[in-house]
Amino acid sequence: MTGSALASHSFGAPATLDLSVPNVARMSDHLLDGKDNFACDRLAVTELLRAAPELRALAASGRGFLMRAVASLAAEHGIDQFLDLGAGLPASPCTHEVAAGHAAGPCRVVYVDDDPVVTVHNRALLSGRPGVWAVQGDLRSPEVLVARLSSMEAVDFARPVGVLLGDVLPYLPDPAQTVRAFRNVMAAGGAVVLSHLSRDRADQGMVAAVEKIYARTGTGIAIRTDAQIAELFDGLAHAPETLDTRPDPTVPGLTCYAGVGWRVRGD
Ligand SMILES: C[S@@+](CC[C@H](N)C(=O)[O-])C[C@H]1O[C@@H](n2cnc3c(N)ncnc32)[C@H](O)[C@@H]1O
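In this report, the structure presented in the accompanying data block is examined. (Residues numbered from 1 in each chain as written. Predicted model: local features only at pLDDT ≥ 70, side-chain atom pairs only at ≥ 80, totals over all residues. Heavy atoms only, no water.)

1. Quick word on empty space enclosed by the protein
To keep things clear, this is the line we draw: Using a 1 Å grid laid over the protein atoms alone, points where a 1.4 Å probe fits but cannot get out form a cavity; open sets with protein on both sides within 12 Å along at least 5 of 7 lines form a pocket; any residue with an atom within 4 Å of a point counts as lining. Grid points are joined across faces, edges and corners, and a volume is the space filled by probe spheres set on the points. Secondary structure elements are taken from DSSP: a helix is a run of H or I of four residues or more, a strand is a run of E of two residues or more, and numbering for both begins at the N terminus. Each residue is assigned to one class: nonpolar for Ala, Val, Leu, Ile, Met, Phe, Trp, Tyr, Cys and Pro, charged for Asp, Glu, Lys and Arg, and polar for all the others, Gly among them.
Inspection of the entire model under this criterion finds 1 cavity of 30 Å³ or more. The space that makes up the largest cavity amounts to roughly 60 Å³. Lining the largest cavity, in full, are Arg-63, Asp-84, Ala-87, Gly-88, Leu-89, Pro-90, Ala-91, Cys-94, Tyr-111, Asn-122, Leu-125 and Leu-126. By residue number, the principal contributor to the lining of the largest cavity is helix H6 (residues 116–126), which donates 3 residues. Classifying every residue of the lining of the largest cavity by side-chain character gives 8 nonpolar, 2 polar and 2 charged.

Shown next as structure tokens:
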């Protein structure tokens, strides 16, 4: 990623860049072997992997879980509209590619992120693609975001929707508020797909070290327990899955609590 490449895009909110401050989206991009990151992000990831070496494989595992869920929702459950919330920088494959590859007909996908640079990138990637949108929005104000999405032609909340929350809830102070806002407007047959780093199999020092590194991004992170993450599925029927990429499960490390939560009743 270069500053001049970003400056050449005139659409979207102004992209502000401080090349000395690591950024959550770009760190995630680097963990997933992407190219849209800077030296400060790579340095922060090097420190992260020193504290928790399993994080690189865990990032790939979380991404794999999310895309498998999109494929299943589209192919087996006929869901043809997806909200990718906290979408991050473009990764391959993207949600709209997976959805299109598995759905019986055309799909609609909205990518949402509060990072203006991420939104600029996603708009550049998606420009000219029918049925795909990139929106800048803050999941800490979920009612505002829901109202905005409801007013767009992109999503019809009267029909089942797939709401994707892949590795974004740890960056929110009140993730339950966000999940609840989307759950409340979802029709029966819709699903929330979420993954969240878990501290249950790690030791305190490791969790503290990772949280300290993310504090430098200005976004911060909260690594929660399995029980706290399970509560986020309140009102949704779900079967949890533990993503565990530790080479030796007897050695403490971070894992990921993931699941698909179904909206059974549309009340
Ligand atoms: C670790 S990345 C996850 C990317 C992608 N969902 C995935 O699973 O690969 C987290 C993303 O959430 C975004 N994010 C963090 N806080 C947010 C907020 N309050 N509202 C919207 N997006 C947010 C970050 O900008 C970043 O792009």
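2. Here's the deal with the packing of aromatic side chains
Spelled out, the test is: Pairing of aromatic rings covers Phe, Tyr and Trp, the last through its six-membered ring, and needs centres within 6.5 Å; plane angles under 30 degrees mean stacked, over 60 mean edge-to-face, and all others mean tilted. When a residue's accessible area, from a 1.4 Å probe over protein chains only, is under 20% of the maximum for its type it is buried; when over 50% it is exposed; and in between it is partly exposed.
Summed over all chains, the structure comprises 2 aromatic pairs. Relative to Tyr-257, the ring of Phe-233 has its centre 6.3 Å away and its plane inclined at 40°; by these criteria the two rings are tilted. Of this pair, Phe-233 sits in the loop between helix H10 (226–231) and strand E6 (237–238) while Tyr-257 sits in strand E8 (residues 255–262), and the two are 24 residues apart along the sequence. Under the relative-accessibility criterion, Tyr-257 is labelled buried at 7%.

3. A closer look at unusual backbone geometry
Of note, the amide linkage connecting Ser-92 to Pro-93 takes the cis form, showing an omega dihedral of 0°. Along the polypeptide, Pro-93 turns up in the loop between strand E1 (81–85) and helix H5 (95–102). Its identity is not glycine, yet Asp-33 carries a phi of approximately 65°, on the positive side. With respect to the secondary-structure elements, Asp-33 resides in the loop between helix H2 (24–31) and helix H3 (39–51). The class of Asp-33 is exposed, set by a relative accessible area of 56%. Located in the positive-phi region is Asp-167, a residue other than glycine, with phi close to 50°.

4. Points about the site of the ligand
Rules: Here a residue is considered near a molecule or strand provided that any single heavy atom belonging to it is located within 4 Å of it. Two N or O atoms count as a polar contact when they lie within 3.5 Å, although within protein this holds only if one can serve as hydrogen donor and the other as acceptor, and sequence-adjacent residues are included solely when both atoms are side-chain atoms. Surface accessibility in these figures is a Shrake-Rupley result with a 1.4 Å probe; residues are shielded only by whichever protein chains are displayed.
Inspection of the region around the ligand gives 20 residues, with Gly-86, Asp-113, Asp-138, Leu-139 and Gly-166 positioned closest. A distance of 3.5 Å separates an oxygen atom of the ligand from a polar backbone atom of Gly-88. Separating a nitrogen atom of the ligand from a backbone N or O atom of Asp-114 is a distance of 3.3 Å. Contact with the protein chains removes 95% of the 600 Å² of surface that the ligand exposes when unbound. Listed by contribution, the elements that provide at least two residues to the shell around the ligand are H2 and helix H4 (55–77). Counting residues per element, the shell around the ligand draws most heavily on H2, at 3 residues.

5. Details of the pattern of salt bridges
The criterion, for reference: Should a side-chain nitrogen of Lys or Arg be within 4 Å of a carboxyl oxygen of Asp or Glu, the pair is scored as a salt bridge.
Considering all chains together, one arrives at 11 salt bridges under this definition. Put simply, Asp-226 and Arg-201 hold a salt bridge, and the shortest N to O gap is 2.6 Å. Of this pair, Asp-226 sits in helix H10 while Arg-201 is found in the loop between strand E5 (191–198) and helix H9 (204–215), placing the two residues 25 residues apart along the sequence. What makes Asp-226 buried here is its relative accessible area of 13%. When its relative accessible area of 26% is taken as the criterion, Arg-201 is described as partly exposed. Between Arg-246 and Asp-244 there is a salt bridge, and its shortest N-O distance comes to 2.7 Å.

6. With respect to the nonpolar core
Looking at soluble globular proteins, one finds that nonpolar side chains tend to be buried together. Put simply, the test is: What makes a nonpolar core is a set of buried Ala, Val, Leu, Ile, Met, Phe, Trp, Tyr and Cys residues whose side-chain atoms join them at distances within 4.5 Å. Any pair of residues with heavy atoms lying within 4.5 Å of one another is described as a contacting pair.
With 49 residues, the main nonpolar core has Leu-48, Leu-55, Phe-82, Val-193, Val-210, Tyr-214 and Leu-254 as its most contacted residues. Beyond its immediate sequence surroundings of up to four residues, Tyr-214 is in contact with Val-24, Met-27, Leu-31, Leu-48, Tyr-171, Thr-219, Gly-220 and Ile-221. Counting residues in hydrophobic clusters, the runner-up holds 30 residues, among them Val-146, Ala-154, Val-168 and Tyr-257.

7. Examining the environment of Asp-18
Structurally, Asp-18 is set in the loop between helix H1 (3–7) and H2. Judged by relative accessible area, Asp-18 falls into the partly exposed class, the value being 43%. As a C-alpha pair, Asp-18 and Cys-40 span 22 residues in sequence and 9.7 Å in three-dimensional space. At a separation of 2.7 Å, a polar atom in the side chain of Asp-18 contacts the side chain of Ser-20.

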